[in-house]
Protein chains: 2
Amino acid sequence: MQIEIVTIGNEVLSGRTIDTNFAYLARLLEEASVQVAWHTTCGDAADKISEALTRALARADAVIMTGGLGPTPDDVTRKSVATVLGRPLSLEENVLASIRERIARYKWRMPKSVESMALIPRGAEVWTNPVGAAPGILIVHKDRQPVILLPGVPHEMEALAKEFVLPYLRARTGRAVETFTLRTYGLAESILHERIGVLGDSWSGASLAYLPSWFGVDLRVTVAGRDVAAVHDTALRAYNELYARVQPVVYSEGSRNMEEVVGQQLQELGYRIATAESCTGGLLAKRLTDVAGSSRYVDRGFVTYANEAKVELLGVDPEMLAAHGAVSEAVAGAMAQGARERARVDVGVGITGIAGPDGGSEQKPVGTVFIAVSSPQGDAARVHRFFGTRATVRERAAQCALDMLRRHLSGLPLEPSFE
Amino acid sequence: MQIEIVTIGNEVLSGRTIDTNFAYLARLLEEASVQVAWHTTCGDAADKISEALTRALARADAVIMTGGLGPTPDDVTRKSVATVLGRPLSLEENVLASIRERIARYKWRMPKSVESMALIPRGAEVWTNPVGAAPGILIVHKDRQPVILLPGVPHEMEALAKEFVLPYLRARTGRAVETFTLRTYGLAESILHERIGVLGDSWSGASLAYLPSWFGVDLRVTVAGRDVAAVHDTALRAYNELYARVQPVVYSEGSRNMEEVVGQQLQELGYRIATAESCTGGLLAKRLTDVAGSSRYVDRGFVTYANEAKVELLGVDPEMLAAHGAVSEAVAGAMAQGARERARVDVGVGITGIAGPDGGSEQKPVGTVFIAVSSPQGDAARVHRFFGTRATVRERAAQCALDMLRRHLSGLPLEPSFE
């Protein structure tokens with residue numbers, strides 16, 4: 001099934017709002033083995049919406065439109081769609097009642113205009129919005145082409161897409177689909193590609209996507225086919241083969257991120273942690289505490305930007321600072337140990353480096369970062385060179401520190417490699 | 001002038017790569033008074049590219065296409081465009097020479113396929129890529145419709161757009177354009193809208209955009225017209241009028257962010273700062289140190305997640321913790337003072353709150369955050385209720401703390417308001 005997605009909204013067309021809805025939908029639809037063939041964005045104008053829908057109906061098997069379903073006068077999607085599809089709008093009492101009930105629950109004033117959200121094209125199916133007022137709308141044009149309308153507010157669109165659109169399209173395509181993701185850290189896409197090689201015949205029906213970001217490279221496999229059992233077999237085989245090839249650099253599966261993995265390790269070991277950061281300026285502590293419930297294992301963090309702070313809060317020897325410089329393996333180690341000792345916790349991490357854009361030298365260019373860990377498993381330190389802007393160097397350093405922690409706590413070699 | 005932007009790329013259509021090029025171009029084109037009427041995304045397939053271009057030529061005054069100009073076999077843009085516009089490709093020797101020269105400079109191996117980047121449609125103008133190999137290409141279709149091809153790599157596309165596309169379209173539209181942005185924090189879009197009211201006749205040719213994010217609401221004004229002097233006059237008048245209306249909540253202009261504003265204040269006052277964070281877990285320190293050169297005024301940060309850390313590192317009275325709870329105005333104040341005293345600096349900030357999703361109560365629901373400042377200007381504390389997820393509450397709290405710091409250091413009332 002080939003689909004066209006139409007985004008409606010002046011704020012998107014002006015470049016002021018980045019259209020994250022589209023990418024979310026495209027990735028989600030992969031799970032129903034639905035391919036996005038076209039994506040069109042137009043403004044909140046009836047003639048533009050009509051043209052976009054007419055065009056989409058001419059070239060795609062199904063259409064999803066997002067945006068323009070709100071109560072204000074510039075929300076004209078439902079009217080344009082009703083006209084193009086020849087299905088007049090009528091006020092659906094049960095939709096209106098549920099909107100009213102929702103508004104009463106939150107004690108909002110209800111402007112008259114809200115009623116327009118209960119105007120539904122004739123013969124449409126209504127999908128109740130679990131997190132907002134505007135419902136999703138499904139019209140099957142000429143009994144064969146689904147046209148789906150979703151609100152533009154991202155969390156509302158996402159909730160409706162997951163709860164209704166995905167199961168609906170899955171049932172309609174009649175295709176079984178399984179997906180899985182292995183998240184890797186530490187090796188470039190090209191090295192992973194070399195290692196994995198060409199997918200063999202046993203992968204028939206499976207596709208592999210490399211999704212790189214500064215958090216690592218995610219490997220996402222989608223298996224689709226007519227036969228549920230065959231799809232399941234292929235997915236299982238693909239999983240086992242892929243995992244066997246890249247296992248040394250896999251840190252998690254699905255959508256679990258590095259801070260959740262490390263958090264669970266700390267909890268399982270019954271360890272508490274303290275961080276000592278210079279160049280990352282609190283980002284590592286922020287990442288660790290992004291996880292709900294992290295107070296069970298995060299004790300405290302020291303952001304020791306000034307050298308005096310390193311001496312006073314972490315007990316770093318001033319002579320060491322003078323001899324090696326603040327950006328050095330010795331100081332990173334002393335920071336990790338100092339954090340661990342001063343906080344009387346099990347694990348300390350130290351990060352010191354040059355995030356740039358200034359402060360680099362021939363020996364220690366911008367991007368040089370020393371990361372150290374101290375725990376009952378022992379002490380370790382490593383130097384890294386990260387490329388990019390100040391922001392990128394800091395993000396990469398924090399992710400690298402988390403992976404080093406993960407490897408250290410698991411007794412794995414600290415360097416990501418296939419050796 | 002109405003323009004259509006066409007993005008070409010399977011990776012964008014699959015949702016794996018977010019198309020930031022489009023938003024960049026749309027915002028840049030505003031400066032040439034060019035409106036984006038349509039945005040279409042299609043895959044790397046000759047028939048799709050041809051259809052997209054044909055459609056765009058039928059409904060827009062000009063077309064910009066990005067992507068598919070590289071040397072690999074899936075880069076088919078130039079061939080499709082050549083066919084649709086009836087301008088056969090030929091190898092341009094000077095383009096090839098400059099690509100070769102560039103590759104030699106970086107000591108790359110040059111695969112034969114690179115030569116395809118020197119294939120240019122007949123009669124086209126070539127814009128040399130200042131940061132990459134693939135040049136920009138301009139074809140004026142039937143002597144009236146510009147079709148512009150740009151590479152998809154963001155920094156290459158941006159460099160070419162700024163250096164060639166913007167001046168070219170500006171000259172073509174013959175319109176003068178000025179823009180300015182006032183950045184506000186603390187009041188909702190609807191309240192700003194009420195305050196600003198309808199733009200009067202003196203704003204003729206000017207448009208005002210409200211750009212909300214969790215960092216506040218940016219007010220962006222664009223003035224366009226035929227006459228340079230008149231545009232300048234209107235821009236000046238618009239600036240003065242708008243500024244007079246919203247001045248109490250303006251924290252900066254242009255693209256300067258809150259951490260830069262606060263950083264400059266601290267530097268001008270000759271102050272050093274220390275942070276004490278609980279629920280934000282290091283995010284405030286991270287924001288302050290996002291700024292290059294922040295070591296001149298950031299001394300240290302305490303991430304006191306555990307109550308013991310608040311007592312040991314900041315000297316918060318354990319009895320106060322027991323009596324008021326860790327999330328209280330008293331403790332926020334003690335954290336700010338403790339950070340200031342223990343670090344022996346001029347300014348201390350304390351943040352304690354409930355980021356969620358758990359830990360809320362009837363009196364202190366999730367999103368309750370106390371923020372305190374201590375400085376030679378005095379001590380102050382405020383309670384806030386932020387809506388949203390754990391991540392949103394934390395981001396909002398950090399931004400709010402920075403604005404409170406800014407107001408405190410300037411001697412302004414701490415509450416954003418027009419009173």
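Criteria and thresholds
- Residues numbered from 1 in each chain as written.
- Chains lettered and ligands numbered in written order.
- Predicted model: local features only at pLDDT ≥ 70, side-chain atom pairs only at ≥ 80, totals over all residues.
- Domains from an automatic or database assignment.
- Contact = placed C-beta atoms within 7 Å.
- Nonpolar A, V, L, I, M, F, W, Y, C, P; charged D, E, K, R; others polar.
- Axes fitted to C-alpha atoms, helices over the stretch in contact; angles between N-to-C directions.
- Helix = DSSP H or I, 4+ residues; strand = E, 2+ residues; numbered from the N terminus.
- Parallel < 35°, antiparallel > 145°, perpendicular 65-115°, else oblique.
- Left-handed = near helix turned anticlockwise from the far one by under 90°.
- Least-squares fit on C-alpha atoms with pLDDT ≥ 70 in both.
- Pairing = 2+ DSSP bridges.
- Buried ≥ 20, exposed ≤ 12 C-beta atoms within 10 Å, placed from the backbone.
- Core = buried A, V, L, I, M, F, W, Y, C linked by C-beta atoms within 7 Å.

**Q** Is there a simple way to think about the domain arrangement of chain A in this case?
**A** Often, the extent of an interface is quoted as the loss of accessible area upon association of its parts. All names here are of chain A. The domains assigned to chain A are domain 1 (2–173), domain 2 (176–253) and domain 3 (258–410). Taken together, the five residues of domain 1 in the interface contact four residues of domain 2. Considered class by class, the residues forming the side of domain 1 that touches domain 2 number one nonpolar, one polar and three charged.

**Q** I keep staring at the packing of helix H3 (residues 46–59) of chain B against helix H4 (residues 77–85) of chain B and nothing clicks. Help me out?
**A** To describe two helices that pack against each other, one gives the angle between their axes and the distance between the axes. Residue and element names in this part refer to chain B. As a packed pair, H3 and H4 sit with axes 9 Å apart at the nearest point and diverge in direction by 50°. As judged from the angle between their axes, H3 and H4 are oblique. Here the hand of the crossing between H3 and H4 comes out right-handed. Within the contact between the two elements, H3 uses Ala 46, Ile 49, Ser 50, Leu 53 and Thr 54 and H4 uses Thr 77, Lys 79, Ser 80, Val 81, Thr 83 and Val 84. Grouping the amino acids of the contact of H3 with H4 by side-chain chemistry returns five nonpolar, five polar and one charged.

**Q** Looking at this structure, I do not really get the relation of the copies chain B and chain A. What am I missing?
**A** Screw-axis analysis of chain B against chain A gives a translation of 0.8 Å along the axis, an RMSD of 1.0 Å, and a rotation angle of 180°. Here the copies are linked by what is in effect a two-fold axis. When the interface residues of chain B are mapped onto chain A, 98% of them again lie at the interface, so the same face is used by both copies.

**Q** Please explain the sheet that holds strand S17 (residues 378–385) of chain B as it appears in this structure.
**A** Within the open sheet, the 10 strands sit side by side as S17(A)-S16(A)-S15(A)-S13(A)-S14(A)-S14(B)-S13(B)-S15(B)-S16(B)-S17(B). Their pairing is mixed. Of all the strands in the sheet, just strand S17 (378–385) of chain A together with S17 of chain B have a single pairing partner and so form its edges. Each strand of the sheet is rotated relative to its neighbour by a mean of 10°, with strand direction disregarded. Where strand S13 (residues 273–277) of chain B and strand S14 (residues 298–303) of chain B come together, five bridges link them in parallel fashion. When the sheet's bridge partners are listed, Thr 275 of chain B is paired in S14 of chain B with Gly 301 of chain B. Set on the sheet, helix H13 (residues 329–343) of chain B makes contact with S13, S14, strand S15 (347–353), strand S16 (368–375) and S17 of chain B; between it and S15 of chain B the angle comes to about 145°.

**Q** Sorry if this is basic, but what is going on with the pairing of strand S11 (residues 216–225) of chain B here?
**A** Each regular strand carries side chains that alternate between the two faces of the sheet. All names here are of chain B. Burial runs high along S11: eight of the 10 residues are buried. Across nine bridges, the pairing between strand S9 (residues 176–184) and S11 is antiparallel. Within the sheet, the bridge partner assigned to Glu 178 lies in S11 and is Val 223. The sheet contact formed by strand S10 (residues 206–213) and S11 spans eight bridges and is antiparallel. Bridge pairing in S11 links Leu 208 to Val 221. Hairpin remark: S10 followed by S11, antiparallel, with two residues in the connecting loop.

**Q** Mind showing me how you'd approach the interface of chain B and chain A here?
**A** Taken together, the contact pairs 43 residues of chain B with 42 residues of chain A. At the level of elements, helix H2 (20–30), strand S2 (35–42), S10, helix H10 (283–289), S14, helix H11 (307–314) and helix H14 (390–410) of chain B are the ones that each hand at least two residues to the side of chain B that touches chain A. Among the elements that take part in the side of chain B that touches chain A, H2 of chain B stands out by supplying seven residues, more than any other. Its residues assigned to classes, the side of chain B that touches chain A shows 23 nonpolar, 12 polar and eight charged. Alignment of strand S14 (residues 298–304) of chain A against S14 of chain B, held across four bridges, turns out to be antiparallel. Looking across to S14 of chain B, one finds that Phe 302 of chain A is bridged to Phe 302 of chain B.

**Q** Please clarify how the nonpolar core should be interpreted in this entry.
**A** In this structure, Ile 3, Val 63 and Ile 64 of chain A together with Ile 3, Val 63 and Ile 64 of chain B are the most contacted members of the largest nonpolar core, which totals 132 residues. Dropping the residues within four chain positions of it, Ile 64 of chain B is found in contact with Ile 3, Ile 5, Leu 25, Ile 148, Leu 150 and Val 165 of chain B. In this structure, Ile 273, Val 316 and Val 373 of chain A together with Val 291 of chain B belong to the second largest nonpolar core, which totals 114 residues.

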